[in-house]
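Examination of the molecular architecture
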Amino acid sequence: MTIKRFTYILSFFLLGCFGAQNLLGQVKDFQSWWELELDKKITGRLDLNGELEQRFKNNSLQYSRTLLTLGASYDLADYFRLAGGARIIFLKDAEQRFITRYRFHLDGTGRYNLSGFDLSLRARLQYGFDEVLEFRYFRINTLVNRNRLKVAHHIFGTRFGWFFSVESWHGSNNESQWLTYALRYSLGARFTPGFRSRISLRYMLEDEFNVTNPMQLHIVVLGYAYRF
């Protein structure tokens, strides 16, 4: 793959994402997220992972939600990974009562190294609902397609690296129209203090479209990952 071909792929991806425009009256907010990720290699191709996230909203002064995700991934080939997982979300409703939400996801990620740059394209199907054990709630389920294009680079001779990604959310509305609901741009840096651990800091800009009361979020994320 040449840089010219990658530029074409990036252009088509962004054109597909930009089918929506910002809505007037969009609400802006600054948020901060904290992430803890644990990975365990089972075999040469199979990994288990868990992630705990804490999010704050309203200029990072108010609790937003807590997310716990458990999953697994398997390398079908050197350039393709299949992954899946389940997520439970704890958040507060309008009356400040704690409620739970559930998500399941299935990922397919293609990877390629181009002159020291790690390129990846991830397609995710995400299925969410309120009550995981009651089938009567399946009628209010939400199926979302998320696509993420990412480039990462390790700075040779150092423990530092950087990454940039663009991610889009797509789903159907009440008229069964397939629409773009959000775009997220991420730019970050990572530091590897040891062979098993990694610290990352990134800034994200997220825009919502085709929804009631759309938001524009400015998010700072601090993460720590450890591999057993």
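Model, not experiment: these values are computed from the prediction. (Residues numbered from 1 in each chain as written. Predicted model: local features only at pLDDT ≥ 70, side-chain atom pairs only at ≥ 80, totals over all residues. Heavy atoms only, no water.)

1. Re the sheet that holds strand S9 (residues 178-191)
If you trace the eleven strands once around the closed barrel, you get S1-S2-S3-S4-S5-S6-S7-S8-S9-S10-S11, paired in mixed fashion. Pairs of neighbouring strands in the sheet enclose a mean axial angle of 20 degrees, with direction left out of account. (Pairing = 2+ DSSP bridges. Helix = DSSP H or I, 4+ residues; strand = E, 2+ residues; numbered from the N terminus. Axes fitted to C-alpha atoms, helices over the stretch in contact; angles between N-to-C directions.)

2. With respect to the environment of Arg190
Tracing the backbone through its elements, the reader meets Arg190 in strand S9. It is 9.9 Å that separates the C-alpha atoms of Arg190 and Leu222, two residues lying 32 residues apart in sequence. Residue contacts for Arg190: discarding those within four places in its chain leaves Ala152, His153, His154, Arg159, Phe160, Gly161, Trp162, Phe163, Arg198, Ile199 and Ser200. (Contact = heavy atoms within 4.5 Å.)

3. Concerning the pairing of strand S4 (residues 80-92)
Two elements, strand S3 (residues 62-77) and S4, share twelve bridges in a ladder whose sense is antiparallel. Note on S4: the bridge partner recorded for Arg65 is Leu91. As defined by bridge partners, S4 adjoins strand S5 (residues 98-114) across 13 bridges and the pair is classed as antiparallel. Residue Arg87 lies in a different strand from S5, and its bridge partner there is Arg103. If you look at the hairpin formed by S4 and S5, you'll find five residues sitting between the two strands, and Gln96 has a positive phi there, around 65 degrees.

4. Concerning the packing of aromatic side chains
On inspection of all chains with the given rule, the structure shows six aromatic pairs. With 4.9 Å between their ring centres and 40 degrees between their planes, Phe160 and Phe191 make a pair best called tilted. Of the two residues, Phe160 sits in strand S8 (residues 160-172) while Phe191 sits in strand S9, which places them 31 residues apart along the sequence. We classify Phe160 as partly exposed; its relative accessible area is 45%. (Phe/Tyr/Trp six-rings, centres within 6.5 Å; stacked < 30°, edge-to-face > 60°. Buried < 20%, exposed > 50% of the residue type's maximum accessible area, 1.4 Å probe, protein only.)

5. Brief notes about the nonpolar core
Counting five residues, the largest nonpolar core consists of Trp33, Met204, Leu217, Ile219 and Val221. Among the elements that make up this core, the one with the highest residue count is strand S11 (residues 215-227) (three residues). Among residues more than four places away in sequence, those in contact with Met204 are Trp33, Arg184, Tyr185, Ser186, Leu217, His218, Ile219 and Val221. (Core = buried A, V, L, I, M, F, W, Y, C linked by side-chain atoms within 4.5 Å.)

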